[in-house]
Amino acid sequence: MFNYLIYRIAQFIALSLPLKTAYRVGISAGDLYSAIAFIDRQRVTQNLRIIFPGKSAEEIAVIRRKLFHNFAKYLVDFFRFDKLDMRYIEKNIHLKNMHYVDMALAEGKGAILATAHLGNWELGGVVIPMLGYSFVTVALPHKSKKVNAFFNRQRLSKGGNVLPLGNAAKGCLRALRRNELLGLVGDRDFVGKGMVIDFFGKPTVFPLGPAVLSLHTKAKIIPGFMLRNDDDSFDFIMNKPIEYEPSGDHEKDLKEIVTRYKTVFEDYIRRYPDQWYMFRRFWKE
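Described below are features of the structure shown in this document. (Residues numbered from 1 in each chain as written. Predicted model: local features only at pLDDT ≥ 70, side-chain atom pairs only at ≥ 80, totals over all residues. Heavy atoms only, no water.)

**Considerations on the packing of aromatic side chains**
Heads up, the rule is: Ring pairs are drawn from Phe, Tyr and Trp, using the six-membered ring of Trp, whenever the two centres fall within 6.5 Å, and their geometry is named by plane angle: stacked under 30 degrees, edge-to-face over 60, tilted for the rest. Exposed residues in this analysis have more than 50% of their type's maximum accessible area, buried residues have under 20%, and partly exposed residues fall in between, with area computed by a 1.4 Å probe over protein chains only.
As enumerated under the stated definition, the model contains 31 aromatic pairs in all. Seen from their ring centres, Phe 78 and Phe 81 are 5.2 Å apart, and the 70° between their planes marks the pair as edge-to-face. The exposure class of Phe 81 is buried, given its relative accessible area of 1%. Judged by centre distance (5.8 Å) and plane angle (80°), the rings of Phe 150 and Phe 151 are edge-to-face. Across the pair, exposure class does not vary: Phe 150 and Phe 151 are buried alike. Members of the aromatic cluster, each reached through a chain of ring pairs, are Phe 199, Phe 200, Phe 206, Phe 225, Tyr 261, Phe 265, Tyr 268, Tyr 272, Trp 276, Phe 282 and Trp 283.

**Some remarks on the pairing of strand β2 (residues 111-115)**
This is how the line gets drawn: Only DSSP runs of H or I reaching four residues or more are called helices, and only runs of E reaching two or more are called strands; each is numbered from the N terminus. Only when DSSP finds a minimum of two bridges between them are two strands counted as paired.
With five of five residues buried, β2 lies mostly within the body of the structure. Along β2, one buried face is formed by Ala 111, Leu 113 and Thr 115 and the opposite face, lined by Ile 112 and Ala 114, is buried too. As paired strands, β2 and strand β5 (residues 181-185) are joined by five bridges and run parallel to one another. Paired with Ile 112 across the strands is Leu 182, a residue of β5. The pairing of β2 with strand β8 (residues 220-228) spans four bridges and is classified as parallel. When the bridges of β8 are listed, Ala 111 appears paired with Lys 220.

**Description of the pattern of salt bridges**
For clarity, the cut-off: Should a side-chain nitrogen of Lys or Arg be within 4 Å of a carboxyl oxygen of Asp or Glu, the pair is scored as a salt bridge.
Enumeration over the complete set of coordinates arrives at 15 salt bridges. Between Asp 235 and Lys 96 there is a salt bridge whose closest N-O contact spans 3.5 Å. Taken together, the residues Asp 235 in strand β9 (residues 234-238) and Lys 96 in strand β1 (residues 93-96) connect sequence positions 139 residues apart. Between Arg 155 and Glu 122 there is a salt bridge whose closest N-O contact spans 2.8 Å. With Arg 155 in helix α8 (residues 145-156) and Glu 122 in helix α7 (residues 121-130), this pair connects stretches of sequence that are 33 residues apart. Taken as a pair, Arg 155 and Glu 122 share a single burial class, namely buried. Shared partners join several salt bridges into a network, and the residues in it are Lys 73, Asp 77, Arg 228 and Asp 232.

**Here's the deal with the sheet that holds strand β4 (residues 161-164)**
Note the cut-off: Axis definition: a line fitted to C-alpha atoms, limited for helices to the stretch in contact. Angles are taken between N-to-C directions and run from 0 to 180 degrees.
Read from one edge of the open sheet, seven strands run β1-β9-β8-β2-β5-β3-β4, paired in mixed fashion. A strand with exactly one partner marks an edge of an open sheet, and here the two such strands are β1 and β4. Pairs of neighbouring strands in the sheet enclose a mean axial angle of 25°, with direction left out of account. Across four bridges, strand β3 (residues 135-139) lies against β4 in parallel orientation. Looking at the pairing, Val 138 lines up with Leu 163 of β4.

**Details of the packing of helix α3 (residues 38-51) against helix α4 (residues 57-79)**
Note the threshold: An angle below 35 degrees is treated as roughly parallel, one above 145 as roughly antiparallel, one from 65 to 115 as roughly perpendicular, and anything else as oblique. Each helix crossing is assigned a hand: it is left-handed if the near helix lies turned anticlockwise from the far helix by less than a right angle, otherwise right-handed if that turn is clockwise. The contact criterion used is simple: two residues touch if any of their non-hydrogen atoms lie within 4.5 Å. Only Asp, Glu, Lys and Arg are considered charged, only Ala, Val, Leu, Ile, Met, Phe, Trp, Tyr, Cys and Pro nonpolar, and every remaining residue, Gly among them, polar.
As a packed pair, α3 and α4 sit with axes 10 Å apart at the nearest point and diverge in direction by 125°. Taken together, the axis directions place α3 and α4 in an arrangement best described as oblique. Like other packed secondary-structure pairs, α3 and α4 cross with a definite hand, here right-handed. Where α3 approaches α4, its residues Asp 40, Arg 41, Val 44, Thr 45, Leu 48 and Arg 49 are matched on the opposing element by Ile 60, Ile 63, Arg 64, Leu 67 and Phe 68. Residue composition of the contact of α3 with α4, by class: six nonpolar, one polar and four charged.

**Remarks on a nonpolar patch on the surface**
Formally: Note on patches: the residues involved have over 30% relative accessible area and no salt bridge, like charges join within 9 Å, and the nonpolar side chains Val, Leu, Ile, Met, Phe, Trp and Tyr join within 5 Å. Under the convention used here, a 1.4 Å probe and the Shrake-Rupley method define accessible areas, while residue burial counts only the protein chains that appear.
A contiguous nonpolar patch, built from Met 1, Leu 5, Ile 9, Phe 12, Ile 13 and Val 25 and spanning about 600 Å² of accessible area, is present on the exposed surface. The partly exposed category is assigned to Ile 13, whose relative accessible area is 37%.

Below, the structure written as structure tokens:
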């Protein structure tokens, strides 16, 4: 109940203030949280050191501080979905390579938009249906029913559809068979059924969902990211679809496909480390 109240209060503030003012308030809150949340700050630092083993402690601290600022802005944007309209999209969101999506859908097998906890994936999830695409996404349910309902109301507010992680397989298959877009966050394994793979040179567990679905349905995987610019506009970037001809060796095929979009994730996280919101120890011995 407490978390739900905090979210509703934060949403009221975000909706009541002009966007730039709301960002400034969010940045101040981000600085405060970073100062008191020792464990989260430590985990972010550990992750950044693995991504950038050659950077000094001072350089890591600069990235970390901006990361907390950007995450605060990410939350402000999420709370302000009620104000999101096509005028905002046309002014502030630069669409790049959407033809990859259209080409994949022209094949009639749907398409899998694979992203990471990078940039503003929630914003991307509502912009897609606003652009006229039929869109289904998979999200981890919150433990609190009220918090879960609040988050899903935000996600559904612009016409998309949400499937709960853990019970989404049939819904994902139906969406692809209807030639719809399916959004999956593919850099963290929440269900304990992933594959061990090297990520920034160290082994970790990656989820298999995008690869499994692509092999089963022949739907293309398109890595995509909603990335914040310094002026708080966004680049919504679609990358070239993953092209792979299955060998017949299921495990080999899964690993190869995961490796290909994992490599794209690494590239973007290196370029935008202050937008990779991973407040957990990502790599474990």
